[in-house]
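Topology and contacts: notes
Take a look at the letters that make up each chain.
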Amino acid sequence: MQDLNTAGLVKAIGVSNFHSDRLVDLITHNDIAPAVNQIETHPFHQRAEESEFMREHGVQHESWGPFAEGKNNIFSDPTLTAVAGAHGKSVAQVVLRWLIQRDVVVIPKSVRPDRMAENLDVFNFELTDEEMNLIAALDTETSLFFDHRDPKMVSFLGQRRVD
């Protein structure tokens, strides 16, 4: 990837699911640091320490699973619905705005044009510090999906094939 980047064939190098220890190892032992690290990030798994670490090392934090794939009843969570109601927005819009205000890149997935439009309509309001703190209190510091440090899970994922 570094050779491709140096040759101008790729503009940036990105990684996914690198915890801070693996990320610093990658940065230390290569000439080009990744531009982005995409990790599970949503109100229930906020990754504040990892986000700060990436910021300190010039790596952009990008969220995957920003809506927690609907888990933990995210779209009916009382805190998120109250914040959404205060702004006349949806819970999805509040989550996207919360990520943006934390300088986390987010690319929400949708195939529905109405949802795509809604996801873009997040730049005409701002969450207050109090609202940001209310959302911060939702953090469980635990993945809702799987542990990327579990050798059995890593082995399983490495064996999956996409046809």
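A few points on the structure.

Each value, and the rule that gives it
Residues numbered from 1 in each chain as written. Predicted model: local features only at pLDDT ≥ 70, side-chain atom pairs only at ≥ 80, totals over all residues. Heavy atoms only, no water. Buried < 20%, exposed > 50% of the residue type's maximum accessible area, 1.4 Å probe, protein only. Helix = DSSP H or I, 4+ residues; strand = E, 2+ residues; numbered from the N terminus. Phe/Tyr/Trp six-rings, centres within 6.5 Å; stacked < 30°, edge-to-face > 60°. Axes fitted to C-alpha atoms, helices over the stretch in contact; angles between N-to-C directions. Parallel < 35°, antiparallel > 145°, perpendicular 65-115°, else oblique. Left-handed = near helix turned anticlockwise from the far one by under 90°. Contact = heavy atoms within 4.5 Å. Nonpolar A, V, L, I, M, F, W, Y, C, P; charged D, E, K, R; others polar. Lys, Arg positive; Asp, Glu negative; His and termini not counted. Salt bridge = Lys/Arg side-chain N within 4 Å of Asp/Glu carboxyl O. Patch = residues over 30% accessible without salt bridge, like charges linked within 9 Å, V, L, I, M, F, W, Y side chains within 5 Å. Areas by Shrake-Rupley, 256 points an atom, 1.4 Å probe, with all protein chains shown as cover. Core = buried A, V, L, I, M, F, W, Y, C linked by side-chain atoms within 4.5 Å. Pairing = 2+ DSSP bridges. Right-handed = clockwise from strand over helix to strand, strands pointing away.

A word on helix 5 (residues 91–101)
- Counting buried positions over the 11 residues of helix 5 gives 9, a clear majority of the element.
- Among the residues of helix 5, Val91, Ala92, Gln93, Val94, Val95, Leu96, Arg97, Trp98 and Leu99 are the ones counted as buried.
- Looking one or two residues past helix 5, aspartate 103 carries a phi angle of roughly 65°, positive in sign.

Describing the environment of proline 113
- Note on placement: proline 113 falls in helix 6 (residues 113–120).
- Classification of proline 113 as exposed rests on a relative accessible area of 63%.

Some remarks on unusual backbone geometry
- Positive phi outside glycine occurs at asparagine 72, with the angle close to 55°.
- Following the sequence through the fold, asparagine 72 ends up in the loop between strand 3 (60–64) and helix 4 (78–87).
- We classify asparagine 72 as partly exposed; its relative accessible area is 41%.
- Of note, aspartate 103 is a non-glycine position whose phi angle comes to about 65°, a positive value.
- The topology assignment puts aspartate 103 in the loop between helix 5 and strand 4 (105–106).

Section: the packing of aromatic side chains
- According to the stated counting rule, one finds 1 aromatic pair in the structure shown.
- Judged by centre distance (5.8 Å) and plane angle (55°), the ring pair of phenylalanine 67 and phenylalanine 75 falls under tilted.

Remarks on the packing of helix 2 (residues 20–28) against helix 3 (residues 48–56)
- Relative orientation of the contacting elements helix 2 and helix 3 amounts to 10°, with a least axis distance of 10 Å. In terms of axis orientation, helix 2 runs roughly parallel to helix 3. In this structure, the crossing between helix 2 and helix 3 has a hand that is right-handed. Along the contact surface, helix 2 presents Ser20, Leu23 and Val24, while helix 3 presents Glu50, Phe53 and Met54.
- Split by residue class, the contact of helix 2 with helix 3 holds 4 nonpolar, 1 polar and 1 charged.

Some words on the side chain of glutamate 131
- Among the secondary structure elements, glutamate 131 is positioned in helix 7 (residues 129–136).
- Of the buried charged residues, glutamate 131 lacks a salt bridge, with arginine 97 as the closest side chain of opposite charge at 9.0 Å.
- With residues near it in sequence (within four places) discarded, glutamate 131 still touches Val83, Ala86, His87 and Glu126.

Here we look at a nonpolar patch on the surface
- Among the surface-exposed residues, Met1, Leu4 and Leu9 lie close enough to one another that they form a single nonpolar patch of about 330 Å² accessible area.
- Residue leucine 4 is classed as partly exposed on the basis of its relative accessible area of 36%.

Some details on the nonpolar core
- The biggest cluster of nonpolar side chains holds 22 residues, and the ones touching the most others in it are Leu80, Val94, Val95, Leu127 and Ile135.
- Elements represented by at least two residues in this core include exactly helix 4, helix 5 and helix 7.
- Residue contributions to this core peak at 7 residues, all from helix 5.
- Ignoring sequence-local partners within four residues, the contact set of valine 94 consists of Leu80, Val83, Ala84, Phe125, Leu127 and Ile135.
- Ile27, Phe53, Met54 and Val59 belong to the second largest nonpolar core, which has 7 residues in total.

Structural notes on the pairing of strand 2 (residues 36–40)
- By the bridge criterion, 3 bridges tie strand 1 (residues 14–16) to strand 2 in an arrangement that is parallel. Each residue of the ladder has a partner; that of valine 15, found in strand 2, is asparagine 37.
- You can see the chain leave strand 1, run along helix 2 and come back into strand 2, and the turn it takes is right-handed.
- In the sheet, strand 2 pairs with strand 3 via 5 bridges, with the strands oriented parallel.

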